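# Inside the fold
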Amino acid sequence: MKPFTQRVVAIIAGIPPGQVMTYGQIAALAGSPRGARQVVRILHSMSKKYKLPWHRVINGKGKIALPEEESFTVQKMFLEAEGVAVSEAGEVDLAVYQYNVERTLEEHVFVDPQDGE
DNA sequence: ACCCTGACTTGGC
DNA sequence: GGCCAAGCCAGGG
């Protein structure tokens, strides 16, 4: 397995319940800013062989990207079961549910606005 | 090994 | 805001 694939798998596996990540975001974290489609491919093959929270991955518009209504509904249910609000159209509020590593860090690092930058 | 596809993204109308 | 075209590159036939 290629390193990129491993990183993608590791990142997806690390998405906490109740949160989501976009294909592009995952690709960027894995070291390939333009590799969103590779993430898709990896998700396809790996989710079958490994247990990955594939349902926590959505597209950059904040919507479920599944073409098949059947799988679409399944993903919607999975997310709602974790407390994520999903609209009928499959839209998720990224500002609220996106697993943003940097934002997570900010929550733990206190930055004094009066202390320079 | 070559060719095609894809659960995407971005940029231009 | 939406629609179209191109770029991306790992898997599968």
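Structure: above.
What comes next concerns the included structure. (Residues numbered from 1 in each chain as written. Chains lettered and ligands numbered in written order. Predicted model: local features only at pLDDT ≥ 70, side-chain atom pairs only at ≥ 80, totals over all residues. Heavy atoms only, no water.)

The next thing to look at is the packing of helix α1 (residues 3–13) against helix α3 (residues 36–49). Where α1 contacts α3, the two axes come as close as 10 Å, and the packing angle between them is 75°. Between α1 and α3, the interaxial angle falls into the category roughly perpendicular. Along its contact with α1, which presents Phe 4, Thr 5, Val 8, Val 9 and Ile 12, the element α3 presents Gln 38, Val 39, Ile 42, Leu 43 and Met 46. (Axes fitted to C-alpha atoms, helices over the stretch in contact; angles between N-to-C directions. Helix = DSSP H or I, 4+ residues; strand = E, 2+ residues; numbered from the N terminus. Parallel < 35°, antiparallel > 145°, perpendicular 65-115°, else oblique. Contact = heavy atoms within 4.5 Å.)

This brings us to the protein's contact with DNA strand C. Residues in contact with DNA strand C, as listed here, are Lys 2, Thr 5, Arg 34, Arg 37, Gln 38 and Arg 41. Of everything in DNA strand C that lies within 4 Å of the protein, sugar and phosphate atoms constitute 55%. Residue Arg 37 places a side-chain N or O atom 2.6 Å away from a base oxygen belonging to DNA strand C. For DNA strand C, a base oxygen lies 2.7 Å from a polar atom in the side chain of Gln 38. If one sorts the elements of the surface near DNA strand C by residue count, α3 sits on top with 3 residues. (Near = heavy atom within 4 Å. Polar contact = N/O pair within 3.5 Å; in protein donor to acceptor, adjacent residues only side chain to side chain.)

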